[in-house]
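This is what each chain is made of:
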Amino acid sequence: MKQEIERLREEIREHEYHYYVENAPTISDQEFDALMHQLIKLEAENPDCFDPNSPTQRVGSDLALSDFEQVEHRYPMLSLGNTYSEGEVRDWYSRVCKDLGVVNDSQLVEVVCELKFDGTSISLWYEDGDLVRAVTRGDGVRGDDVTRNVRTIKNIPLKLIQNNISQFSTLNSHNVEFRGEILLPWKEFERLNAERERNEEPLFANPRNAASGTLKLQNSRTVAKRNLIAQVYGVLGVEQNTHSDSLQWAKALGMPVSDTTRVCKSIDEVMEFIAYWNDERKNLPVATDGIVLKVNSLNQQKNLGFTAKSPRWAIAYKFQAERALTRLNSVSYQVGRTGAITPVANLEPVQLSGTIVKRASLHNADIIAGLDLHIGDMVYVEKGGEIIPKITEVDNSQRQEGAERVIFIDKCPECGTELVRVEGEAAHYCPNEISCPPQQKGKIEHFVSRKAMNIDGLGSETIAMLYDRGLIHDVADLYTLTVGKLARMERLGEKSAQNIVDAVKKSCEVPFERVLFALGIRYVGETVAKKLASAFGSMQALSVAKREELTAVDEIGERIADSLILYFDDMRNMQLVERLQGFGVKMEGRVARAELSNKLDGLTIVISGTFEHHSRDEYKVMIEAHGGKNGSGVTSKTSLLLAGANMGPAKLEKAEKLGVKIISETEFLEMLNA
Ligand code: IVH
């Protein structure tokens, strides 16, 4: 049976390829559906043959699947103790000397100073000189096997320089592991974000997020284009006398080891290193967030050992976030697509971490009040993890007499409508969804975006131009555009006009769940839209659904339900939906779900620990595919706790206390087989 299932999967994959990749299907939709149904049936009858990569699973789950194999680390990937203070660095050194029974600063405890690279950690395994595996940190015990992506990183050798292995002849086996950091250089980070901005994709907040996001991409070709680099800072499975020797050895084998590393013989030398890089780091091509100090002698490291979380022989000194002092000139208010008002501080331009800062986010009225901001105040700006800097402090001593306090506006700056603030929420909103220009333009931008109706050729500038000239007032008007009307606009040639009209027409093929998402109903994101589409099947059914019917749907809470009711209660929205339907936009269709069985119907299952037969992600998909629900923590509502090896004692204790049934991996698989 396994063979038959595999054969079917292969056949379906081929058809998918013809359909999705080549755009040239070789069978009809009905024939394809029949094959898929046959596979769903066979998989349901044979849970043993479960495969997260089966075509049935493609549409089956909203879980963010890693799709990378989970691998146990040979040595756990620990973290480091942190400090922001030089005093604490000295204390650490004194403690180390004391523990080793050495007089402080007698030059008997060497410390290696390294830059703390701000990317994502990686473990690189080599066997007989070949790169065999690259694994992310994960939870420190197990990580994702990202070898296929790491192979694209050009400064990571796929083969070690063999003759240097024998030259140093200290490899205690043919296996060696390197630890390091994967980084996206500043230049590449800026290039990538500029490209994402052009494509209207969300920006990465910092190079660290960009590097870890890139490493988890499914398509290694895209990874290759991003130009990640690696820096190696540790070697395991090799016998040397000192850490600096093992780094040198790694370098001789072709590993990228930073030449900024320095061996210091006293704590004062360490302090010099810190002081130097505190400034100089701004000129580095990659992001760093501190200095790592490591006892050099491996023997001394062994004697010092580890605490529960980190080695006693190392510590990280973190750099203070850079900040700049500048004047607050004014505060302006932006109106977003959903009507949310964002206050923005306009500043006297100031240099900060390599860029000139002119604006800072003020987030909401509470933040403004908390800072007690006055126009003309001297304020400190900092770049945190976000793209836009924020004001962290006001220098009250420099406030001018009679300075005007910043009071949050009460009317929309675009349409004059009285603003509202939903209880319990920090943001103010302009409730005039229908005719507040930025809201309407934003709605149209969202409607045409890739994940919604995917209408190419309509960037935000074109939309603004069409809106300002009165050619479109809402999303339905897009379907009334003609080549003649469009070509009259400056900057739009006949060809672009034709492309836009074609793209609008093609959007009538977009499935219902994406249409629902495209409408931009508050709190209805992609996942919620999918859930609603599969539960109600049509806009008509959804628009008349009662509050209880809405909240009965998995993961639809009262907030979403109220937002939907409010939307469909407004005649103008109903008219818009009707017009869209009139133009041929899809208003019905259920999301296909690969339901394998209903054996777990009504059960909420919590997974804990590590497993032998399938990964945790695979079990999560299996639970949903058999009608169950995944729970995140053990509560009185938990029906079962699926327990693997190394399960946290707290979860076990809680389950026992609440009388939640605990089952093993084998029992779970038997349950599905029954
Ligand atoms: S040593 C057991 N050295 O910082 C200690 N880590 O919490 C192993 N990092 O995410 C880490 N530069 O990936 C070490 N020169 C360096 C480092 C470094 C960056 C990262 C590491 C981990 C975190 C340590």
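Heads up: these notes are all about the structure in this document. (Residues numbered from 1 in each chain as written. Predicted model: local features only at pLDDT ≥ 70, side-chain atom pairs only at ≥ 80, totals over all residues. Heavy atoms only, no water.)

## Notes on the packing of helix α4 (residues 86-100) against helix α11 (residues 267-280)
Right, on to step 1. Following both chains from N to C, one finds α4 and α11 inclined at 145°, their axes separated by 11 Å at the closest point. Our pair here, α4 against α11, has a crossing hand that is right-handed. Within the contact between the two elements, α4 uses Glu86, Val89, Arg90 and Tyr93 and α11 uses Ile267, Asp268, Val270, Met271 and Ile274.
Right, on to step 2. The class makeup of the residues in the contact of α4 with α11 is six nonpolar, no polar and three charged. (Axes fitted to C-alpha atoms, helices over the stretch in contact; angles between N-to-C directions. Helix = DSSP H or I, 4+ residues; strand = E, 2+ residues; numbered from the N terminus. Left-handed = near helix turned anticlockwise from the far one by under 90°. Contact = heavy atoms within 4.5 Å. Nonpolar A, V, L, I, M, F, W, Y, C, P; charged D, E, K, R; others polar.)

## Some points on the site of the ligand
Right, on to step 1. Around the ligand, the surrounding shell consists of Ser79, Leu80, Glu114, Leu115, Lys116, Phe117, Ser121, Glu181, Tyr233, Val292, Lys294 and Pro311.
Right, on to step 2. Within the contact set of the ligand, a nitrogen atom lies 3.0 Å away from a side-chain nitrogen or oxygen of lysine 294.
Right, on to step 3. In the complex, 85% of the free accessible area of the ligand, which totals 530 Å², lies under the protein chains.
Right, on to step 4. At the level of elements, β3 (111-117) and β10 (288-295) are the ones that each hand at least two residues to the shell around the ligand. (Near = heavy atom within 4 Å. Polar contact = N/O pair within 3.5 Å; in protein donor to acceptor, adjacent residues only side chain to side chain. Areas by Shrake-Rupley, 256 points an atom, 1.4 Å probe, with all protein chains shown as cover.)

## Remarks on the pattern of salt bridges
Right, on to step 1. This structure, assessed with the given rule, holds 34 salt bridges.
Right, on to step 2. Close ionic contact of arginine 547 with aspartate 562 constitutes a salt bridge, the shortest N to O distance being 2.7 Å. Of this pair, arginine 547 sits in helix α21 (residues 547-551) while aspartate 562 sits in helix α22 (residues 558-569); the two residues are 15 residues apart in sequence, bridging distant segments of the chain.
Right, on to step 3. Under the relative-accessibility criterion, arginine 547 is labelled partly exposed at 33%.
Right, on to step 4. Of the residues examined, aspartate 562 reaches a relative accessible area of 35% and is grouped as partly exposed.
Right, on to step 5. Sharing partners across several salt bridges, the network here consists of Asp372, Asp377, Arg399 and Arg405. (Salt bridge = Lys/Arg side-chain N within 4 Å of Asp/Glu carboxyl O. Buried < 20%, exposed > 50% of the residue type's maximum accessible area, 1.4 Å probe, protein only.)

## Section: the sheet that holds strand β7 (residues 175-183)
Right, on to step 1. Ordered in space as β5-β4-β7-β8, the four strands form an open sheet in which the pairing is antiparallel. Among the strands making up the open sheet, the edge pair consists of β5 (130-136) and β8 (229-236). Pairwise comparison of adjacent strand axes, ignoring direction, gives a mean angle of 30° for this sheet.
Right, on to step 2. Taken together, the six bridges between strand β4 (residues 120-127) and β5 define a ladder with antiparallel strand orientation. Note on β5: the bridge partner recorded for tyrosine 126 is leucine 131.
Right, on to step 3. On the sheet, helix α8 (residues 207-215) packs against β4, β5 and β7 and is oriented at approximately 40° with respect to β4.
Right, on to step 4. Those strands touched by helix α10 (residues 243-252) are β7 and β8, and its axis lies near 130° from that of β8. (Pairing = 2+ DSSP bridges.)

## A closer look at helix α26 (residues 665-673)
Right, on to step 1. For α26, the complete set of buried residues consists of Glu665, Phe668, Leu669 and Leu672. The arc that holds the buried residues of α26, viewed along the axis, is 95°, so those residues lie on one side.
Right, on to step 2. Check the buried side of α26 and you find it contacts β19 (604-608), α24 (616-625), β21 (640-643) and β22 (661-664). (Arc of directions from axis to C-beta.)

## Regarding the pairing of strand β15 (residues 378-382)
Right, on to step 1. The element β15 is extensively covered by neighbouring structure, given that five of its five residues are classed as buried.
Right, on to step 2. Neither face of β15 is exposed, since Met378, Tyr380 and Glu382 on one face and Val379 and Val381 on the opposite face are all buried.
Right, on to step 3. Inspection of the sheet shows strand β12 (residues 323-335) paired to β15 by five bridges, in the antiparallel sense. Within β15, the residue paired with alanine 324 across the bridge is valine 381.

## Things to note about empty space enclosed by the protein
Right, on to step 1. In total, this model carries one cavity of 30 Å³ or more according to the counting rule given.
Right, on to step 2. Computed from the structure, the largest cavity encloses a volume of approximately 40 Å³.
Right, on to step 3. Forming the walls of the largest cavity are Glu114, Leu115, Phe117, Val232, Tyr233, Leu247, Val257, Ser258 and Thr261.
Right, on to step 4. Contributions of two or more residues to the lining of the largest cavity are made by β3 and β8.
Right, on to step 5. With three residues, the single largest contributor to the lining of the largest cavity is β3.
Right, on to step 6. Its residues assigned to classes, the lining of the largest cavity shows six nonpolar, two polar and one charged. (1 Å grid on protein atoms, 1.4 Å probe; cavity = no way out; pocket = protein on both sides within 12 Å on 5 of 7 lines; lining within 4 Å. Points joined across faces, edges and corners; volume = space filled by probe spheres on them.)

## Some details on the pairing of β12
Right, on to step 1. Relative to strand β13 (residues 341-352), β12 is paired through seven bridges, and the arrangement is antiparallel. Bridge assignment links valine 335 to a residue of β13, and that residue is isoleucine 341.
Right, on to step 2. Linkage of β12 to β13, two consecutive antiparallel strands, is achieved through a turn of five residues, within which glycine 339 is found at a positive phi near 90°.

## Section: the packing of aromatic side chains
Right, on to step 1. Enumeration according to the criterion identifies 13 aromatic pairs in this entry.
Right, on to step 2. With centroids separated by 5.8 Å and ring planes inclined at 15°, the aromatic side chains of tyrosine 479 and phenylalanine 583 adopt a geometry described as stacked. Taken as a pair, tyrosine 479 in the loop between α15 (460-468) and α16 (483-487) and phenylalanine 583 in the loop between α23 (571-582) and β19 lie far apart in primary sequence, 104 residues in all.
Right, on to step 3. Overall, the relative accessible area of 13% leaves tyrosine 479 in the buried class.
Right, on to step 4. Through a chain of ring-to-ring contacts, the aromatic side chains of Tyr126, Phe178 and Trp249 assemble into a single cluster. (Phe/Tyr/Trp six-rings, centres within 6.5 Å; stacked < 30°, edge-to-face > 60°.)

## Considerations on the nonpolar core
Right, on to step 1. If you look at the biggest cluster of nonpolar residues, it comprises 57 residues, and the most contacted ones within it are Phe447, Ile455, Leu478, Tyr479, Leu532 and Leu580.
Right, on to step 2. Where this core is concerned, the elements lending two or more residues are α14 (437-448), α15, α17 (494-506), α18 (512-518), α19 (526-536), α20 (539-544), α22 and α23.
Right, on to step 3. Residues in contact with leucine 532, not counting those within four places in the same chain, are Leu516, Val524, Gly537, Leu542, Leu550, Ile556 and Leu564.
Right, on to step 4. Listed in part, the 33 residues of the second largest apolar core include Ile122, Ile182, Ala210 and Ala250. (Core = buried A, V, L, I, M, F, W, Y, C linked by side-chain atoms within 4.5 Å.)

## Quick word on the sheet that holds β21
Pairing between the strands of a sheet comes from backbone hydrogen bonds, and it takes one of two forms, parallel or antiparallel.
Right, on to step 1. Taking strand neighbours across the sheet as the criterion, the four strands line up as β20-β19-β21-β22 in an open arrangement whose pairing is parallel. Pairing within the sheet leaves two strands with one partner each, and these edge strands are β20 (629-631) and β22. The sheet shows a mean angle of 35° between the axes of neighbouring strands, taken without regard to direction.
Right, on to step 2. Examined bridge by bridge, β19 and β21 share four bridges and lie parallel to one another. Residue valine 606 lies in a different strand from β21, and its bridge partner there is leucine 641.

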